[in-house]
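Here is how the chains run, residue by residue.
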Amino acid sequence: MGFRWLLQAWVPRRAARLCRAVVFDMGGVLLPSPYARARDWEVWNRVPPGTVQRALICGGDDRPWMKYVRGELTAAEFVQAFAQQCFEITNSPVPVDSFLSDLTSKEMSEQLPVMTEAIRCIRAEGLKTAVLSNNFYLHSGASFLPLDRKQFDVIIESCREGICKPDPRIYMLCLERLGVQPNESIFLDDIGQNLKAAAQLGMSTLKVDDPEVAVKELENFLGFPLRGAVPFTRSVRPTMEIPQVPLQKYLENVLGSHTTGSLLVRQFSHGQSNPTYYVEYGDHRLVLRKKPPGKLLPSAHAVEREYRVLRALAEAGVPVPRVLALCEDSSIIGTPFYLMEYCAGHVYKDPSLPGLEPSQRRAIYTAMNQVLAQIHSVDLKAAGLEDYGKHGNYVQRQVQTWTKQYRATETHTIPAMERLIEWLPLHLPQAHQVTLVHGDFRLDNLIFHPERPQVLAVLDWELSTLGDPISDVAYSCMAHYLPSSFSLLKGLGNCDLTHLGIPTAEEYFRTYCGHMGIPPIEDWNFYMAFSFFRVAAILQGVYKRSLTGQASSATAESGGKQAESMADLAWDFATKEGFRVFKAMPAMKPSGRPYSTWAWQGPFPRRSYVTVPHSSSAPAHLILSPEGLSDRAQDLYRRLRRFMDAHIYPAEQALRDHQVSQTRWTPHPLVEELKIFNCSAPDTGNMEVLLRYGTEEQKERWLQPLLDGEIRSCFAMTEPQVASSDATNIESSIVEEGGFYILNGHKWWISGALDPRCRLCVFMGKTNPGAPRHKQQSMLLVPMDTPGVTVTRPLSVYGLDDPPAGHGEILFENVRVPKENMLLGPGQGFEIAQGRLGPGRIHHCMRLIGFAERALALMKERVKSRVAFGKPLAEQGTILADIATSRAEIEQARLLVLKAALLMDTVGNKAAALDIAMIKLVAPAMALRVTDRAIQAFGAAGLSSDYPLAQFFAWARALRLADGPDEVHRMTVAKLELQGP
């Protein structure tokens, strides 16, 4: 009751202010105050009172603390500088390192509950939230931000941005990313000078001395309560308001005239289709679901059907809310509606179930699975639902229905939808049993018991009918294939399900089949394609209604883009189903064509580019798309695509900017934070060298740290005095002396040598100049800190010095390394080099295809948005020709690389020499041409560092020389060709 009166007190004030965003400081606002903690720490460590606070605030912009929060000092550097500053204040040592540990302890890293609830209420009302923190890097290299990032639309970390409060630029950066004006925001901080700077820009401000008091003051400012709200509700949006006087009279008739009190109506923030409201009247807590206003599609939003099925299921023992009344009289609140009891419990909006133990997560999904099987097991005749839908051809009818729905709300062409509308009717699955189907069965449509894994109620029955139960199962697994960043339905696509304890989609389906006593099906991919197709059609409808203000969700306006994403996912599954059917077909006999991309086994009548020996056990054909990969590899592929979209592409510009900054020779912490594969050159080649040729001691010292990403390495072969494309020309000397080798030489273009993490150099030199040409060279492992190793300068490629790894020129002057650092043995260097170059070359070619794909994608995006000579660039003939040519060249190169990879995996690098030489000849030239066309389409912008094209061009051009120039590879191909019959 208290919450209702509190709400009513705020309602008249809400319109008085226009606030679109709330910006929070971290320490002292969201987290406990670091200054209070500092005082306690001083007492515990017998440090004179006020020492830490004085050191934190005194000394101007160049004091250690300010440099630390701007990211200019590492944790170790800060501790040293801050300790000196405190010593100068107290004239005695101060254990600063323990202060930093205490400041970042678990106790200090827990968000204040009052602020967590306030943020939830703010976001439920549709306002944006941001955290603007003067934070720092920890000893681990990670930034200190112990908050759930999903709470915020924007996160500004001073150590990442290089500027900190009270610098006005950091406030403007935050506002720019939020997309609001200063007078549309309020900023909370516990430091006066930070608030003053914000106020000078026009932001409203609130000083936080006591978080509880601050939340009350923020409530007054915003005009709505920030505590005690019903979960997932907000004040009713203006376009979705319902008349309360006639509703109250109707409630009196339903509940009895003795029910008295004021009426409270809140809107649930979820529910994309039928608007849903929380209603509190007297002692009754109810839920009202209604049709949306305006003109609706035929048979859509049928709340009457929802009411019928809920009443029937309650009698059948299925956990659903108890319905009270159905009102089909539109004169009451404008549309038909029904009432049901409010079911208190837990709704899991995030399918990863944060905060639960793995066993608890598995139990939740098991309960979800069990209740779905219970729904599908309802006796239709006993429940009076035999006529609830048509019997048979469910999927066919659904495809037709959603195609019509999509066409009726179509606002623009979605290519994947067009393909699906053609494909789905041609690939309908075999009929399964007819059961009641929910139509929108997913985790966040279930209410769970707050203390045990029990489903209390299944919600949102708008799409229920009679049909194919497998469609429900597939629909409930959609989250498994969506990224966690997907705004309308959070996904699990980039989560480690085994670690979380959540069953995979396959495990979930097998469990369902066990509950139902049915065998698994083969056409699962079709059902997934159909599920995503249907969601795409729904989102398109939501988007169309948002254009007229009819949609019930605040995020509906993004539905247009989301519909496209869903359609693309649906088509991915359709393609996968096509490959499944294809692979199930009887194998064809091998063709006699000599230039086939198929790796057929057996002899060929003429010379073939398929260089598999007759005894090879190579697979029957190349894998030409991700759909041909194993399930595990496909999962990795999907996770990688989503990771690139969510993390890599948004970080590109920041990393390019870092490469031209004064700190460019220091690795950007974002790279370490995002590194997942640790497959950078030249480390991959050096890892393979150590794996193949290193001793156990060498592997332990160097290979393991490289694999763990703890260190970097370089490979020193190329020399400025000789033509190093012929490796036998190298002149650097390796002379044995006692238990050591003495190295002397001048090397250049040593990639990675300038990286401060580079700890190892694989050095190639001559141990015996009098031996046969290919037995003169040897390779040694040289620690980079060995005396006599001097990196003299970074070399640039077209003006780009490629920091922080760079390409170094190095002098080796009387460098002494132990004899046990020799790889494989004296005179084996050329053999090692050849073994290293094969994998290195194909890695480069794979990267080049990636560059080319990215360049073409950027080009397509650019030409769609630019107009010249009266029409879009995308309609200019020369542009169209360039796009077509680039696509063809990329695919040609990709096929050649795939073939080379297949041969390397199946018959070895030596047998694949011809194919490796061909790809190294083709891929750089292809990437160069594709990138050049993209730059031409961009105009002058393509030459700048605002886009990656200039770097792509430089890298592609450099790779026509690196790991062997084009001429060497042409010669190799020609010689091998002439050896053939």
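The structure we're discussing is the one just above.
Remember, predicted model here, so these are calculated numbers, not experimental data.

Rules behind the numbers
Residues numbered from 1 in each chain as written. Predicted model: local features only at pLDDT ≥ 70, side-chain atom pairs only at ≥ 80, totals over all residues. Heavy atoms only, no water. Core = buried A, V, L, I, M, F, W, Y, C linked by side-chain atoms within 4.5 Å. Buried < 20%, exposed > 50% of the residue type's maximum accessible area, 1.4 Å probe, protein only. Helix = DSSP H or I, 4+ residues; strand = E, 2+ residues; numbered from the N terminus. Domains from an automatic or database assignment. Contact = heavy atoms within 4.5 Å. Polar contact = N/O pair within 3.5 Å; in protein donor to acceptor, adjacent residues only side chain to side chain.

Undergrad: Just to check I follow, could you spell out the nonpolar core for this structure?
TA: When a protein is soluble and globular, its nonpolar side chains tend to lie buried together. Within the largest apolar cluster, 96 residues are counted, with the highest numbers of intra-cluster contacts made by Leu436 and Phe532. Ranked by the residues each element gives to this core, the list is headed by helix H21 (residues 524-546), at 12 residues. Composition of this core by domain shows at least three residues from each of domain 2 (233-344) and domain 3 (358-582). Not counting chain neighbours up to four residues away, the residues in contact with Leu436 comprise Val309, Leu313, Ile375, His376, Leu380, Leu385, Tyr388, Trp461, Thr465 and Leu466. With 56 residues, the next largest nonpolar core counts Cys19, Cys86, Phe136 and Val215 among its residues.

Undergrad: Help me out: how do you make sense of the side chain of Asp440 in this one?
TA: By secondary structure assignment, the location of Asp440 is in the loop between strand S12 (435-437) and strand S13 (446-448). Within the structure, Asp440 has its side chain in polar contact with the side chain of Arg442 (distance 2.7 Å). Not counting the four nearest positions on each side in its chain, Asp440 is found in contact with Asn445, Asp460, Leu463, Asp472 and Tyr475.

Undergrad: For this particular structure, what's the right way to read the side chain of His969?
TA: When you line up the elements, His969 lands in helix H31 (residues 966-979). Within the structure, His969 has its side chain in polar contact with the backbone oxygen of Gly964 (distance 3.1 Å). Excluding residues within four positions of it along the chain, His969 makes contact with Arg841, Ala917, Lys920, Leu921, Asp963 and Gly964.

Undergrad: Sorry, what's going on with the environment of Val180 here?
TA: Relative to the helices and strands, Val180 resides in the loop between helix H9 (168-178) and strand S4 (185-189). It is 20 Å that separates the C-alpha atoms of Val180 and Met26, two residues lying 154 residues apart in sequence. What Val180 contacts, discounting residues up to four positions off in sequence, is Arg20, Ala21, Leu175 and Ser185.

Undergrad: How should unusual backbone geometry be read in this particular structure?
TA: When glycine is set aside, most residues are seen to have a negative phi, and most peptide bonds are trans. Cis geometry is found at the peptide bond from Lys165 to Pro166, where omega equals 10 degrees. Here the residue pair Pro803 and Pro804 is connected by a cis peptide bond, since its omega of 0 degrees sits within 30 degrees of zero. Checked against the element boundaries, Pro804 lands in the loop between strand S21 (789-794) and strand S22 (807-818). With a phi close to 50 degrees, Leu353 is a non-glycine residue in the positive phi region. Its place among the elements puts Leu353 in the loop between strand S11 (337-341) and helix H14 (358-376). Residues other than glycine seldom take positive phi values, yet Tyr798 does so here, at roughly 50 degrees. Tracing the sequence through the fold places Tyr798 in the loop between S21 and S22.

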